[in-house]
Amino acid sequence: MTRLHSFFCSWALCAALLLASSPASAVTVSDLDAAIESEIASGTIPGAVLWIGRPGEVLHRRAYGNRQIEPARAPMELDTIFDAASLTKVVATTSAVMQLWEQGKIRLGDPVTAYLPKFQGGKSDITVRDLLTHFSGMRPDVDLKPVWSGEDTGIALAMVDKPIAPPGRRFIYSDINFILLAEIVRAVSGQRVDQYTAEKVFRPLGMKDTGFLPAAAVRPRIAPTERVDGRILHGVVHDPTTRYMGGVAGHAGLFTTAADLARFADMILSGGTGNGVRVLNEGTVTKMISPASPASQPDIRGLGWDIDSRFSSNRGELFPVGSFGHTGFTGTSLWIDPATRCYVILLTNSVHPHRKNVLPLRAKVSTLAAHLAGVTGQGVTITGYGETIFGPGNRRVVNRDAQVENGVDVMAAGGFGSLKGKRVGLITNHTGLLRNGNRNVDAMVAAGVNVTAIFAPEHGIDGLLDQENINDTRDRKTNIPVFSLYKTGADRRPTPAMLQNVDVLVFDIQDVGARFYTYISTMGNAMEEANKRNMPFFVLDRPNPITGVYVEGPMIDEGLQSFIGYHSIPLRHGMTIGELARMFHAEKKWTMPLEVVAMRGWQRGDWFDSLGQTWVNPSPNMRNLHQALLYTGVAMLESSTNYSVGRGTDSPFELVGADWIKGQQLAAYLNKRDIPGVRFYPVTFVPTDSRFKGERIEGVRILVQQRELVRATELGAELAVALQTLYPGKIDYKRNEKLIGHSATVTAFQANQDPRSIVNSWNDEVEAFLARRKPFLIYPER
């Protein structure tokens, strides 16, 4: 099964299951016709063309009313040509950009200045992705007064127009974004966007009536638009910016028919192939229609395409989130649903001869069309942002009250049968508890399991020691020997002597979801030793407390792997300990038997407070869920000897400070950066341990306001650059290289680069990791 086919089929399965649980729809094509004819009768639109179809199949098509009512009436025909307005953005410009992307000529994470050196005077962190998703921060349009003319003038204005928000922070629907994208197409391909798309998109697809600057011969078929300066625009683009630019721009200017758009929609639903020609690669289509906007933002956009934003009214009430489309100001709209492999094309010229509101009609038509196509109104789940769940009305469900059973509970329910008759080495600590509060080792012994050795990670068997060297001991209750896997100068792995009386190893420790949290390194080292002996290895899975949805870079460089960076994973990996074990086993090509005992009831979108479980501090300074969330970012610089991350206080990882930091200055600087999900306020504090023990220092407290918006490693980058900006030379970034794990990021911190640019530079590697981790996920991305 191809990747795109799988993507579509997953949606089709949702639709089929939902449909099976609902009564058959009573909607007919007559209902659609009546809805449109009613709007014509009320004067909202002069006429329309509706085309509903699937690849190779027309479900309904019809022309209604008139295409023109001034200066004389002319009937609407199926082959009427419409000013597509902003459909230009997706049908033309996005298609061109994505073709060039799949050829390696455009990189989504590159700054715009890489292709347009004069943009913003050569200094801007806005990326190609920001333009495509409308998160660039650019204004909606260039100034139209004083009146100007000429393509070069319009492009020049777009190049210097000042952003009104930082990139990635606000969804601002902007024509400037697509003027710039079209100019990137020209810079890369050597062709203007109209020439490029005619040659490489429209002609190959057989879209014979689609293009810019329509010829005079087809003018009688064109639906006129608005009266401007006393004349009806007819065959001339309605958008004033495009009109001033001569009729060709990346955001508007395309003219097309319903039949041609149906060909285009067929191509999208067929994985990039239409008219017997491959126009886009299948993976390119998948990428284009998957969520690409910042995951912390409520408006969900694909690359060019709208998925779930304030502009998504033409999705109607029933097409699920995961379908996608776009609209045009003149009254055009296109919506495509992979679940039912259905598309809805509604073309009107609602601005003729004066502007009217067509939004309610679009929504009603799509809702009726969805009924016709077999979609119900139940909740569905969107892939791409992991376990972000949507229900009727498209409200996100981010919290739930569950009763999750960990792997040890599942195994205990079976009496630990697979461990019976074996000498068991248990790798655990104080977090190895069952739901009833009993220790795993006690439950095993009570069930008749022969536990011959216990192995303890950093912080010891009781999780109370915050020191480099931890000695062997014995369990206080069972008297079973406890071997420390965290000794100074040792390899921090089970030795042959420790394993002499062991047949099978069992790992049961709560992790926190960060690459440099050493429990996963302890597991990896133990798995290596088990593999040398072909010793079976069990992992009793536990939840990732900060969800399995969010994955944040940077990745780790090959030469920087260590005990605080065991494997090639991002800082915030979004995996459970069991899923990581599966990845290690496969990617390191180990052959010993591995069994992961999965949890029952855990979902990838679950925070720890959704599980019905008791929080046990996984380590002495990890005391609550907010600290676990902030840890991957705040601890990036913890190797600095002159910088405190709050150890020795009641709020580790929620505080940072130093004797050279001015709390009010740092808080004011960081708050101005508008970092998603957090705010800062100045504090003074006296650590009782660790850095600055007994000294009063200034710093800031990090207040988590919206945890779903927090990107911890982006916060870490903001902190790092803020410190370099305000207090240059105070932090030795190179000293933190193993924690950060990424030499280019260390260099960027030292160079005081913009944090958003640094974070964007991680995208390609993180995206590759997301694909890499998929085979090892136990709990599905719905």
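Here is a short report on the structure shown in this document. Quick caveat, the model's predicted, so the values are computed rather than measured.

Considerations on the overall build of the protein
A count of helical and extended segments in the protein gives 22 helices and 28 strands. Across the 782 residues of the protein, 61% fall into the buried class. Taking the contacts inside the protein whose residues are at least 6 apart along the sequence as the reference set, 71% of them involve residues at least 24 apart. Across the protein, the 83 positively charged side chains and the 78 negatively charged ones have centroids separated by 1 Å.

Comments concerning the packing of helix 14 (residues 519-532) against helix 15 (residues 577-587)
The angle between the axes and the distance between the axes are what describe a pair of packed helices. It is at 11 Å that the axes of helix 14 and helix 15 come closest, and there the two elements cross at 40 degrees. With respect to helix 15, the axis of helix 14 lies oblique. Judged by the twist between their axes, the crossing of helix 14 over helix 15 is right-handed. Along its contact with helix 14, which presents Ile-520, Met-523, Gly-524 and Met-527, the element helix 15 presents Ile-577, Leu-580, Ala-581, Phe-584 and His-585. Among the residues making up the contact of helix 14 with helix 15, the classes are represented as seven nonpolar, two polar and no charged.

Let's talk about the packing of helix 3 (residues 87-102) against helix 6 (residues 175-189)
Close contact between helix 3 and helix 6 brings their axes to 10 Å; oriented N to C, the two are set at 40 degrees. For the element pair helix 3 / helix 6, the angle class is oblique. Considering the relative orientation of helix 3 and helix 6, their crossing is left-handed. Contacts from Lys-89, Thr-93, Thr-94, Ala-96, Val-97 and Leu-100 in helix 3 reach Asp-175, Phe-178, Leu-181, Ala-182, Val-185, Val-188 and Ser-189 in helix 6. For the contact of helix 3 with helix 6, the class distribution of residues is eight nonpolar, three polar and two charged.

A few points about the sheet that holds strand 26 (residues 655-658)
One open sheet accounts for three strands, arranged 26-28-27; its pairing is antiparallel. Here the strands that pair on one side only, and so sit at the sheet edges, are strand 26 and strand 27 (678-685). Sheet twist, expressed as the average angle between the axes of neighbouring strands with direction ignored, equals 25 degrees. Bridge count between strand 27 and strand 28 (residues 697-704): eight bridges; the pairing is antiparallel. Residue pairing in the sheet places Pro-682 in a bridge with Val-700 of strand 28. The strands touched by helix 17 (residues 663-672) within the sheet are strand 27 and strand 28, with strand 27 carrying the most contacts at an inclination of about 175 degrees.

What about the pairing of strand 22 (residues 481-484)?
Here strand 22 shows a clear split, with Val-482 and Ser-484 buried on one side and none of Pro-481 and Phe-483 buried on the other. Direction of pairing for strand 20 (residues 450-456) relative to strand 22: parallel, over a ladder of three bridges. Considered in strand 22, the bridge of Phe-455 is made with Phe-483. With two bridges connecting them, strand 21 (residues 473-474) and strand 22 associate as antiparallel partners. Considered in strand 22, the bridge of Thr-473 is made with Val-482.

Considering the nonpolar core
Met-523, Phe-537, Tyr-643 and Leu-723 are the most contacted members of the largest nonpolar core, which has 101 residues in total. The element contributing the most residues to this core is helix 18 (residues 712-726), with seven residues.

How each quantity is defined
Residues numbered from 1 in each chain as written. Predicted model: local features only at pLDDT ≥ 70, side-chain atom pairs only at ≥ 80, totals over all residues. Heavy atoms only, no water. Helix = DSSP H or I, 4+ residues; strand = E, 2+ residues; numbered from the N terminus. Buried < 20%, exposed > 50% of the residue type's maximum accessible area, 1.4 Å probe, protein only. Contact = heavy atoms within 4.5 Å. Lys, Arg positive; Asp, Glu negative; His and termini not counted. Charge placed at Lys NZ, Arg CZ, Asp CG, Glu CD. Axes fitted to C-alpha atoms, helices over the stretch in contact; angles between N-to-C directions. Parallel < 35°, antiparallel > 145°, perpendicular 65-115°, else oblique. Left-handed = near helix turned anticlockwise from the far one by under 90°. Nonpolar A, V, L, I, M, F, W, Y, C, P; charged D, E, K, R; others polar. Pairing = 2+ DSSP bridges. Core = buried A, V, L, I, M, F, W, Y, C linked by side-chain atoms within 4.5 Å.

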